[in-house]
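# Secondary and tertiary structure notes
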Amino acid sequence: MPLWQIDIYPAGDQVDREAMRTSEEIAELGLGQQVSVACARSFLVQGEFARDEALRLAGTLLCDAVTERSVVAIVGQDVLNEPPGEQPTLINVLPKPGVMDPGAASTVGAAQDAGFHVDAVRTVRKNWLGDVDEASLDSICRKALSNDAIEQVVVGPLELD
């Protein structure tokens, strides 16, 4: 059964407000001034359906085609790791196993109500950072991007099956 990843980005003519907020938070915490950030929200979707159904799920339930764009692929495919800008470092933030994921639960229900054969969903916040040193990256991940009590951080591509 394929594990689909559906990434949602601001459309090309839209401001990445989450990236602006994240960059400001990094600065306010004293972790770096003017750190370049790009953001996306992502859904890991397990279900018995083909690419055309995954595209339809993205277009009908997950993405507002006026203000957002989606990238749909099987987890692990290179297209999912391409930064939307010049930021080279990918950071994925997702709930730790066993932690409630209300966005995922509501997505499963809505997808099933719409006739999709979705078995499970997990949400992910994707962040790309401009050049930062290793110590700064660790601090930014722990203090600005995640809550260590309930979230896990994966620097680089997700490798799930």
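These lines cover the structure that appears in this document, whether it is placed above or below. Along each chain, residue indices are assigned from 1 in the same order as the chain's sequence is written. It should be noted that, the model being predicted, local features are given only for residues of pLDDT at least 70 and side-chain atom pairs only at 80 or more, the latter also being counted only at that level, while totals for whole chains, interfaces and linings use all residues. Excluded from the side-chain calculations are hydrogens and water; all other atoms, namely the structure's heavy atoms, are used.

### Focus on helix 4 (residues 134–145)
The classification of residues rests on relative accessible area computed with a 1.4 Å probe and restricted to protein chains. Under 20% of the type maximum is buried, over 50% is exposed, and intermediate values are partly exposed. The numbering of helices and of strands both runs from the N terminus, where a helix is a DSSP run of H or I of at least 4 residues and a strand a run of E of at least 2. Among the residues making up helix 4, those that are buried are L137, S139, I140, C141, A144 and L145. In what follows, a contact means two residues having at least one pair of non-hydrogen atoms within 4.5 Å. Buried-residue contacts for helix 4 involve helix 1 (17–28), strand 4 (89–95), strand 5 (118–129) and strand 6 (151–155). Contacts described as polar in this section are N or O atom pairs within 3.5 Å, which, within protein, must combine one atom able to donate a hydrogen with one able to accept it, while residues neighboring in sequence count only if both atoms come from side chains. For helix 4, the side-chain oxygen to backbone nitrogen distance between the N-cap and A135 is 3.2 Å, and the N-cap itself is D133.

### A few points about the environment of G30
With respect to the helices and strands, G30 occurs in the loop between helix 1 and strand 2 (37–47). Classification of G30 as exposed rests on a relative accessible area of 59%. For the pair G30 and H117, spaced 87 residues apart in sequence, the C-alpha separation works out to 46 Å.

### Some remarks on the packing of aromatic side chains
By convention, a stacked pair of Phe, Tyr or Trp rings (six-membered ring in the case of Trp) has centres within 6.5 Å and planes under 30 degrees apart, an edge-to-face pair has planes over 60 apart, and any other such pair is tilted. Taken as a whole and judged by the stated rule, the model has 2 aromatic pairs. When the centroid spacing of 6.4 Å and the interplanar angle of 10° are considered together, the rings of W4 and F49 count as stacked. Of this pair, W4 sits in strand 1 (residues 3–10) while F49 is found in the loop between strand 2 and helix 2 (51–62), placing the two residues 45 residues apart along the sequence. No difference in accessibility class separates W4 from F49, as the two residues are buried. Two conditions define a charge sitting above a ring: the NZ of Lys or the CZ of Arg must be within 6 Å of the ring centre, and it must be within 35 degrees of the ring normal. Stacked on the ring of Y9, the Lys or Arg R69 has its end atom at 4.3 Å from the ring centre.

### A few points about the nonpolar core
What is meant by a nonpolar core is a set of buried Ala, Val, Leu, Ile, Met, Phe, Trp, Tyr and Cys residues, joined one to another through side-chain atoms within 4.5 Å. Membership of the largest hydrophobic core comes to 18 residues, with the highest contact counts inside it found for I6, V45, F49, L57, V118 and V121. Taken together, the elements giving at least two residues each to this core come down to strand 1, strand 2, helix 2, helix 3 (102–113) and strand 5. Among the elements that make up this core, the one with the highest residue count is helix 2 (4 residues). Excluding its chain neighbours within four sequence positions, the residues that come into contact with V118 are V45, Q46, G47, F49, L57, V108, A111 and Q112. By size, the runner-up hydrophobic cluster in this structure holds 14 residues, among which are A19, L31, V37 and C141.

### What to know about the sheet that holds strand 4
When DSSP locates at least two bridges between a pair of strands, those strands are taken to pair. Sheet architecture is open: 6 strands sit in the order 3-1-2-5-4-6, paired in antiparallel fashion. Where the open sheet ends on each side, the last strands, each with one partner, are strand 3 (68–74) and strand 6. Taking the axes of each pair of neighbouring strands and ignoring which way they run, one obtains an average angle of 25° across the sheet. As paired elements, strand 4 and strand 5 share 5 bridges and run antiparallel to each other. Looking at strand 5, one finds that I91 is bridged to N127. On the sheet, helix 1 packs against strand 2 and strand 5 and is oriented at approximately 120° with respect to strand 2. Whenever a helix is involved, its axis is fitted only over the stretch in contact; in every case the axis is a line through C-alpha atoms, and angles between N-to-C directions fall within 0 to 180 degrees.

### Focus: helix 2
For helix 2, the full list of buried residues reads A54, L57, A58 and L62. End-on, the buried residues of helix 2 take up no more than an arc of 95°, which puts them together on one face. Within helix 2, the exposed residues directed more than 90 degrees away from the buried face are D52, G59 and T60. Among the structural elements, strand 1, strand 2, strand 3, helix 3 and strand 5 are those in contact with the buried residues of helix 2. Directions are taken from the helix axis to each C-beta atom, and the arc is the one they span.

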